Amino acid sequence: MAGVKQARDGAVGILTLDEPASLNAMTPDLLGALAAAVAEMTTDEDVRALILTGAGRGFCSGQNLKASEALGEDIAAGVMRFYWPAFKALRECRVPVVVAVNGVAAGGGFSLAMAGDIIVAARSASFIQVFSRIALVPDLGSTWLLPRLVGRQRALELMLLNEPLTAERAHEIGLVRQVVDDAKLMDEALGLARRLAEGPTRALVATRALIEESEHATYEAQFRREIELQATIRKSADAIEGRNAFIEKRKAMFTGR
């Protein structure tokens, strides 16, 4: 598929943004290919975790300005038509998504990295919002995602000052799970994705949904919502296996069902 390479490692699907000459800058074609690749990969029920990374020296350098005309005169409509499906596909993916950031994640590329569930960064990785440097506001979900990951004050600092965030600093403030040597990035991402792929997929994804719902719910409403969802999840094959394994004092063998 043009713009996105697909690969498999057992139960882990690997999606690679593949426009290295532009540091994987966003275009309607690239984001369309990403949305389609997520859908295609997760149609296979044997796929139980995804990795998203970038080819070459960078993860994603943000919007490709040369392709901005393809969005049309109504920018909002164009972005929602061409870009939103990829972000939605990652955010609502039926399996956990690990993002392996190699090199720069700038502007919309920063937003794309945050659309996954857990970020692993190469030591060479850097994150920068960029927007106010060119008199724009953050977009592609940054103002929703970043404060929830690092808090309001740090989000504003990153957005207003546009100071590049090193991988180590990103780890310190809780944006990324871990920082590894560049040569070990995919090994670490695969190790994490394999762990997730061995887990109770439905319960993991339902947990993600509960976290997102909690942002807009009262304590009491969320308390009830957790139990309502629990009543459904506890009937799944994995939940039954988990209880049996606990009683039998053995390791659970989850199937994602």
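What counts, and at which threshold
Residues numbered from 1 in each chain as written. Predicted model: local features only at pLDDT ≥ 70, side-chain atom pairs only at ≥ 80, totals over all residues. Heavy atoms only, no water. Pairing = 2+ DSSP bridges. Helix = DSSP H or I, 4+ residues; strand = E, 2+ residues; numbered from the N terminus. Phe/Tyr/Trp six-rings, centres within 6.5 Å; stacked < 30°, edge-to-face > 60°. Buried < 20%, exposed > 50% of the residue type's maximum accessible area, 1.4 Å probe, protein only. Lys NZ or Arg CZ within 6 Å of the ring centre and 35° of its normal. Core = buried A, V, L, I, M, F, W, Y, C linked by side-chain atoms within 4.5 Å. Contact = heavy atoms within 4.5 Å. Expected span 1.5 Å × (residues − 1). Arc of directions from axis to C-beta. Axes fitted to C-alpha atoms, helices over the stretch in contact; angles between N-to-C directions. Parallel < 35°, antiparallel > 145°, perpendicular 65-115°, else oblique. Left-handed = near helix turned anticlockwise from the far one by under 90°.

Asker: Can you walk me through the pairing of strand β1 (residues 4-9) in this structure?
Answerer: Consecutive residues of a regular strand have side chains that alternate between opposite faces of the sheet. Summarising the sheet, β1 and strand β2 (residues 12-17) pair through 6 bridges and their orientation is antiparallel. Its bridge partner lying in β2, Val4 is registered against Leu17. Joining the antiparallel neighbours β1 and β2 is a turn of 2 residues, in which Gly10 adopts a positive phi near 60°.

Asker: Sorry, what's going on with the packing of aromatic side chains here?
Answerer: Any pair of aromatic rings gets described here by the distance separating the centres and the angle formed by the planes. Applying the stated criterion across every chain, the model contains 1 aromatic pair. Centre to centre, the rings of Phe110 and Phe127 are 5.4 Å apart; their planes meet at 55°, and the pair counts as tilted. Within this pair, whereas Phe110 is found in helix α4 (residues 108-114), its partner Phe127 is found in strand β8 (residues 126-128), the two being separated by 17 residues in sequence. For the pair shown, Phe110 and Phe127 are each scored as buried. Just above the ring of Trp144 sits the side chain of Arg148; from NZ or CZ to the centre is 3.9 Å.

Asker: Even after reading the chapter, I still don't get the environment of Glu92, so can you show me in this structure?
Answerer: Its place among the elements puts Glu92 in the loop between α3 (84-91) and β5 (97-101). Separated by 116 residues in sequence, Glu92 and Arg208 have C-alpha atoms that sit 9.0 Å apart.

Asker: It is not clear to me how the nonpolar core should be interpreted in this structure. Could you clarify?
Answerer: Note on soluble globular proteins: their nonpolar side chains tend to be buried together. One finds Leu34, Phe127 and Leu175 to be the most contacted residues of the largest nonpolar core, which totals 53 residues. The biggest single contributor to this core is helix α1 (residues 28-43), with 8 residues. With residues up to four places along the chain from it excluded, the contact list for Leu175 reads Phe110, Met114, Ile119, Phe127, Leu146, Leu149, Val150, Leu165 and Ala170. Listed in part, the 16 residues of the second largest apolar core include Ala100, Val120, Leu185 and Leu196.

Asker: Mind showing me how you'd approach helix α10 (residues 219-233) here?
Answerer: Each α-helix turn comprises 3.6 residues. Residues three or four places apart therefore point the same way. An ideal rise of 1.5 Å per residue puts 21 Å on 15 residues; α10 measures up with 21 Å between its terminal C-alpha atoms. All of the buried residues in α10 are Gln222, Leu229 and Ile233. Summarising the axial view, the buried residues of α10 lie within an arc of 40°, below the 170-degree limit, and thus occupy one face. In this structure, α10 carries Glu220, Phe223, Arg224 and Ile227 as exposed residues pointing more than 90 degrees from its buried face. Where α10 is buried, its residues meet α9 (201-214) and α11 (237-248).

Asker: How do you make sense of the packing of helix α5 (residues 142-150) against helix α6 (residues 152-161) when you look at a structure like this?
Answerer: A packed helix pair is summarised by two numbers, namely the angle formed by the two axes and the spacing between the axes. Running from N to C, α5 and α6 point in directions that differ by 130°, and their axes come no closer than 7 Å. Between α5 and α6, the angle falls in the class oblique. Every pair of crossing elements has a handedness; the one defined by α5 and α6 is right-handed. Along its contact with α5, which presents Ser142, Thr143, Leu146, Pro147 and Val150, the element α6 presents Arg152, Arg154, Ala155, Leu158 and Met159.

Asker: I tried to follow the sheet that holds strand β6 (residues 104-106) on my own but got confused; where do I start?
Answerer: To summarise the sheet geometry, strands pair through backbone hydrogen bonds and adopt either a parallel or an antiparallel arrangement. Taking strand neighbours across the sheet as the criterion, the 4 strands line up as β4-β6-β8-β9 in an open arrangement whose pairing is mixed. Edge positions in the open sheet fall to β4 (58-60) and β9 (165-166), since each of these has one partner strand only. In terms of strand pairing, β6 meets β8 through 3 bridges, oriented parallel. Bridged to Val104 within β8 is Ser126.

Asker: Which parts of the structure should I look at to understand the sheet that holds strand β10 (residues 178-180)?
Answerer: Overall, mixed pairing links the 6 strands, which are arranged β1-β2-β3-β5-β7-β10 in an open sheet. Two strands close off the open sheet at either side, each with one partner strand: β1 and β10. Going from strand to strand, the sheet's axes swing by 20° on average, the running direction of each strand aside. The sheet contact formed by strand β3 (residues 49-54) and β5 spans 4 bridges and is parallel. Across the sheet, the residue bridging to Leu50 is Val97, located in β5.

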